[in-house]
Amino acid sequence: MKIRVEKTHNYTVMSNYHLFDKRLSFKAKGLLSFMLSVPDTWEYSVKGLAAMAKDGVASVSAALKELENCGYVSRRQIRS
């Protein structure tokens, strides 16, 4: 099966390195792809990421932990 789209608008250019990393689940690959597709000014939070899809906070947290363990993201808590 092949799925192709016309790339004239609303598309993202990113490295596909993470997509072929066998250490990552499809959930983690999808989350990282989403994170790479938003503007650089986007403020990441677990709740904010969970609000963008049907996954809950626990699911997003698990995917982030997977990405963190494999060196794709680092997290820090911001206290206000």
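As shown above, the structure is provided for reference.
Residues numbered from 1 in each chain as written. Predicted model: local features only at pLDDT ≥ 70, side-chain atom pairs only at ≥ 80, totals over all residues. Heavy atoms only, no water.

**Digging into the environment of Q77**
Logical step 1: Along the chain, the position of Q77 falls in the segment after α3 (57–69).
Logical step 2: The exposure class assigned to Q77 is exposed, which follows from its relative accessible area of 65%.
Logical step 3: Q77 sits 32 residues away from S45 along the chain, and the two C-alpha atoms are 9.4 Å apart. (Helix = DSSP H or I, 4+ residues; strand = E, 2+ residues; numbered from the N terminus. Buried < 20%, exposed > 50% of the residue type's maximum accessible area, 1.4 Å probe, protein only.)

**Comments concerning the environment of V46**
Logical step 1: Relative to the helices and strands, V46 resides in helix α2 (residues 46–50).
Logical step 2: Residue V46 is classed as partly exposed on the basis of its relative accessible area of 22%.
Logical step 3: In this structure, V46 is in contact with V57, V60, S61, L64 and R75, ignoring residues within four places of it in sequence. (Contact = heavy atoms within 4.5 Å.)

**Concerning the nonpolar core**
Logical step 1: Formed by 13 residues in total, the largest nonpolar core has its most connected members in L31, M35, L49, V60, L64 and L67.
Logical step 2: If you list the elements that add at least two residues to this core, you get α1 (26–37), α2 and α3.
Logical step 3: When residues no more than four places from it in sequence are discounted, the contact partners of M35 are Y44, L49, L64 and V73. (Core = buried A, V, L, I, M, F, W, Y, C linked by side-chain atoms within 4.5 Å.)

**Side note on the side chain of H18**
Logical step 1: Among the structural elements, H18 can be located in the segment before α1.
Logical step 2: For H18, the residues in contact, after removing those within four places along its chain, are L24, K29, L32, S33, L36 and Y72.

**Details of the packing of α1 against α3**
Logical step 1: Here α1 crosses α3 at 90°, and the two axes come no closer than 9 Å. Judged on the interaxial angle alone, α3 and α1 are roughly perpendicular. Along the contact surface, α1 presents K27, A28, L31, L32 and M35, while α3 presents S59, V60, A62, A63, L64, E66 and L67.
Logical step 2: Within the contact of α1 with α3, the residues separate by chemical class into 9 nonpolar, 1 polar and 2 charged. (Axes fitted to C-alpha atoms, helices over the stretch in contact; angles between N-to-C directions. Parallel < 35°, antiparallel > 145°, perpendicular 65-115°, else oblique. Nonpolar A, V, L, I, M, F, W, Y, C, P; charged D, E, K, R; others polar.)

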